[in-house]
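Structural features, examined
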Amino acid sequence: MQENLLELFIKKLSKLPGLGPRSGRRLALHLIKEKEDILRPLAQILLDVDKSVATCSICGNYDLVQPCHICSSVNRDETTLCLIATVEDLWALERGQTYKGHYHVLGGLLSALDGVRPEHLAIPSLKKRLDEHTYSEIIFALSPSLEGQTTAFYVQDQLKDYPIQVSRLSFGLPMGGELDYLDEGTLTTALNGRVKLEQRQ
Ligand SMILES: [Zn+2]
């Protein structure tokens, strides 16, 4: 029984991003060793996060309030919508403190390799937002990888009937780089130097 619980503990930790069986084992042992200082407070935080953090029903952000603090703020620019692949990218842009508009989290990038197909992306909710609210510009803040470009191409095609200016980040960005890894200055430059895309007919 004890052995199984420990094995399960290590197995779950090993599945966390960036970890494997070896680092999972090391982390498990560290947590057990630091029971008072780390394991117990962390266990409580995990329960609290599970109970309190929700996905924003409008944009897909994670927050303690519903809708999220960005969607419910009256101080944001309500004419601009920024399309990002993940909440990590949204948080990266927020750290840059330059962008003041709304966001829409797609939930990933199209990838045959990872099995991400159009139906996995939050496009119906994006169209619903464009139907219900007048945005003058949508900025594609997607990674300049093949997946990012394929996704941008697909979404732009999906939005061709909407009278909205489509822009993308300027690609001084490292190829294949995730937005989350960029420093805030680079991201701000990419945002300020954004390129308008022609609407395809
Ligand atoms: Zn939101």
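Here the structure is a predicted model, which means the values were calculated and not measured.

A few words now on the environment of Asp180. As for its position among the elements, Asp180 is in the loop between strand 6 (165-168) and helix 7 (184-192). Expressed as a C-alpha distance, the spacing of Asp180 and Ala92, which sit 88 residues apart in the sequence, is 5.3 Å. The residues contacting Asp180, other than those within four sequence positions of it, are Glu88, Asp89 and Ala92.

Now for unusual backbone geometry. A cis amide bond links Gln66 to the next residue, Pro67, at an omega of -5 degrees. In this fold, Pro67 is placed in the loop between strand 2 (62-63) and strand 3 (80-84).

Here we take up the sheet that holds strand 5 (residues 137-140). One open sheet holds the five strands; their spatial order is 4-3-5-6-7, and the pairing between them is mixed. Every interior strand has two partners, whereas the edge strands, strand 4 (102-105) and strand 7 (195-197), have only one. Strand-to-strand twist in this sheet, taken as the mean axis angle between neighbours without regard to direction, amounts to 30 degrees. Pairing between strand 5 and strand 6: four bridges, direction parallel. Bridge pairing links Ile138 to Val166 in strand 6. Running over the sheet, helix 4 (residues 87-96) touches strand 3 and strand 4 and is turned about 130 degrees from strand 3.

As a further point, take the nonpolar core. Residues Cys82, Leu83, Ile84, Leu93 and Ala141 are the most contacted members of the largest nonpolar core, which totals 35 residues. At the level of secondary structure, the elements contributing two or more residues to this core comprise strand 3, helix 4, strand 4, strand 5, helix 6 (146-158) and helix 7. When residues no more than four places from it in sequence are discounted, the contact partners of Ile84 are Asp89, Leu90, Leu93, Tyr103, Val105, Leu106 and Ala141.

All buried positions along helix 4 are accounted for by Val87, Asp89, Leu90, Ala92 and Leu93. Lining the buried residues of helix 4 we find strand 2, strand 3, strand 4 and helix 7.

Moving on: the pairing of strand 3. The element strand 3 is extensively covered by neighbouring structure, given that four of its five residues are classed as buried. Where strand 3 and strand 5 come together, four bridges link them in parallel fashion. Paired with Thr80 across the strands is Glu137, a residue of strand 5. Note that strand 3 and strand 4 share four bridges and pair parallel. Within strand 4, the position partnered with Ile84 by the bridge is Val105. Following the chain from strand 3 across helix 4 to the adjacent parallel strand 4, one finds a crossover that is right-handed.

Rules of the game
Residues numbered from 1 in each chain as written. Predicted model: local features only at pLDDT ≥ 70, side-chain atom pairs only at ≥ 80, totals over all residues. Helix = DSSP H or I, 4+ residues; strand = E, 2+ residues; numbered from the N terminus. Contact = placed C-beta atoms within 7 Å. Pairing = 2+ DSSP bridges. Axes fitted to C-alpha atoms, helices over the stretch in contact; angles between N-to-C directions. Core = buried A, V, L, I, M, F, W, Y, C linked by C-beta atoms within 7 Å. Buried ≥ 20, exposed ≤ 12 C-beta atoms within 10 Å, placed from the backbone. Right-handed = clockwise from strand over helix to strand, strands pointing away.

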